[in-house]
Amino acid sequence: MNRFLTFSFILLLLFASCGTYRYPNASGIRESAAQELNSYYTDTTQQWVYRTKLQAFDQHMQGSVTIKALGRNEHRITFVSDFDQVLFDVHLLPNGYELQGATPSLGKRAVAKEMVNIFRTLTAQRFATSAVMFADQQQYYPVYVQDDCYYVVKERKVERIRQVKGAQEYLEIVYQTWNVKDVPTSIAITHKKYPIQMDLESEAQ
């Protein structure tokens, strides 16, 4: 009997871990015309600076994050404290990254990997050819799907990104406000698996 219960429990865990994510209130996924998404940080002549508060595990840090576009989905992102200490400095490449510097707590391999994922999801320009279907189309904004991310579009702007892994939400980025040039001025980032929370407020409204 105990052997049977143990086997059943293992099967339950296996099926749960192999499940797929279902977007809230969705009825399915459909093909759509190619939709350009998340084009906020594509101008290579500009850089964007945000006052930043980061809570990562048991560390609280604040300072400024500078985002510089270097090419198509290539960015240099630098997080510097109020005392001019480099907290995290990364060169995001289309197919990888180069860590230029980090504090010991953010430079740990697992933490650095999550920070890179956050900044890449925040800045990456995408093109989606799939969208979520809802039973009642009148109640929902368009939600486009690309790889492991769901992009909520409101008034032709990406308002929210939900990244998923398996059957669970993994990361959520909410662009809360924009300036007259449609550049995000307030962003809230919440990691769903690890205790990481980041808030960004533009220094140039």
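Residue positions are counted from 1 within each chain, in the order its sequence is given. Local features in this predicted model are restricted to residues whose pLDDT is 70 or higher, and side-chain atom pairs enter the listing and the counts only when it is 80 or higher, whereas totals over whole chains, interfaces and linings include all residues. Here the side-chain values reflect all heavy atoms present in the structure, with hydrogen atoms and water set aside.

1. Remarks on the environment of V49
Moving on, step 1. Tracing the sequence through the fold places V49 in strand 2 (residues 47-56).
Moving on, step 2. Along the chain, V49 and K68 lie 19 residues apart, while their C-alpha atoms are 8.9 Å from each other. To qualify as a helix, a DSSP run of H or I must reach at least 4 residues; to qualify as a strand, a run of E must reach at least 2; elements of each kind are numbered from the N terminus.

2. Details of the pattern of salt bridges
Two side chains with opposite charge may pair up if their charged atoms get near one another.
Moving on, step 1. The rule for a salt bridge is simple: a side-chain nitrogen of Lys or Arg has to be within 4 Å of a carboxyl oxygen of Asp or Glu. Throughout the structure, instances matching the rule amount to nine salt bridges.
Moving on, step 2. One salt bridge in this structure joins E172 and R160, with 3.0 Å as the shortest N-O distance. One end of the pair, E172, is in strand 11 (residues 168-178); the other, R160, is in strand 10 (residues 157-165), with 12 residues separating them in the sequence.
Moving on, step 3. Only protein chains enter the accessibility calculation, which uses a 1.4 Å probe. A residue is then buried if its area is under 20% of the maximum for its type, exposed if over 50%, and partly exposed in between. For E172, a relative accessible area of 12% puts it in the buried group.
Moving on, step 4. Take R160: its relative accessible area is 23%, and that puts it in the partly exposed class.
Moving on, step 5. For the salt bridge of K192 with E172, the shortest nitrogen-to-oxygen distance reads 3.7 Å. Taken as a pair, K192 in the loop between strand 12 (184-191) and strand 13 (196-202) and E172 in strand 11 lie far apart in primary sequence, 20 residues in all.

3. Brief notes about the side chain of T103
Moving on, step 1. Here T103 shows up in the loop between strand 6 (96-102) and helix 2 (104-107).
Moving on, step 2. Contact partners of T103, with chain neighbours within four places excluded, come to M61, Q85, V86 and L87. Contacts: residue pairs with any heavy atoms within 4.5 Å of one another.

4. Some words on the environment of V152
Moving on, step 1. Turning to its location among the elements, V152 is positioned in strand 9 (residues 149-154).
Moving on, step 2. For V152, a relative accessible area of 8% corresponds to the buried category.
Moving on, step 3. Through-space distance from the C-alpha of V152 to that of Y141 is 6.7 Å; in sequence the pair is 11 residues apart.
Moving on, step 4. V152 has contacts with Y23, Y141, P142, V143, K157, V158, E159 and R160, leaving out every residue within four places of it along the chain.

5. Details of the side chain of T52
Moving on, step 1. Mapped onto the fold, T52 is located in strand 2.
Moving on, step 2. With a relative accessible area of 1%, T52 lands in the buried category.
Moving on, step 3. Two N or O atoms count as a polar contact when they lie within 3.5 Å, although within protein this holds only if one can serve as hydrogen donor and the other as acceptor, and sequence-adjacent residues are included solely when both atoms are side-chain atoms. Within the local environment of T52, its side chain forms a polar contact with the backbone oxygen of Y50, the two atoms lying 3.0 Å apart.

6. Here's the deal with the packing of aromatic side chains
Moving on, step 1. Only rings of Phe, Tyr and Trp enter the pairing, Trp through its six-membered ring, and a pair is recorded when the two centres are within 6.5 Å. The plane angle decides the type: under 30 degrees is stacked, over 60 is edge-to-face, the rest tilted. On inspection of all chains with the given rule, the structure shows eight aromatic pairs.
Moving on, step 2. When the centroid spacing of 6.2 Å and the interplanar angle of 45 degrees are considered together, the rings of F57 and Y194 count as tilted. Of the two residues, F57 sits in the loop between strand 2 and strand 3 (59-71) while Y194 sits in the loop between strand 12 and strand 13, which places them 137 residues apart along the sequence.
Moving on, step 3. We classify F57 as partly exposed; its relative accessible area is 39%.
Moving on, step 4. Residue class for Y194 comes out partly exposed when judged on its relative accessible area of 28%.
Moving on, step 5. Site record: aromatic cluster; members linked through ring pairs are Y21, Y23, F134 and Y150.

7. Here's the deal with helix 3 (residues 109-123)
Moving on, step 1. What a helix should span is 1.5 Å times the count of its residues minus one. Over its 15 residues, helix 3 extends 21 Å from the first C-alpha to the last, a length consistent with the 21 Å expected when each residue adds 1.5 Å.
Moving on, step 2. Counted residue by residue, helix 3 has 11 buried out of 15 residues, so it is predominantly covered.

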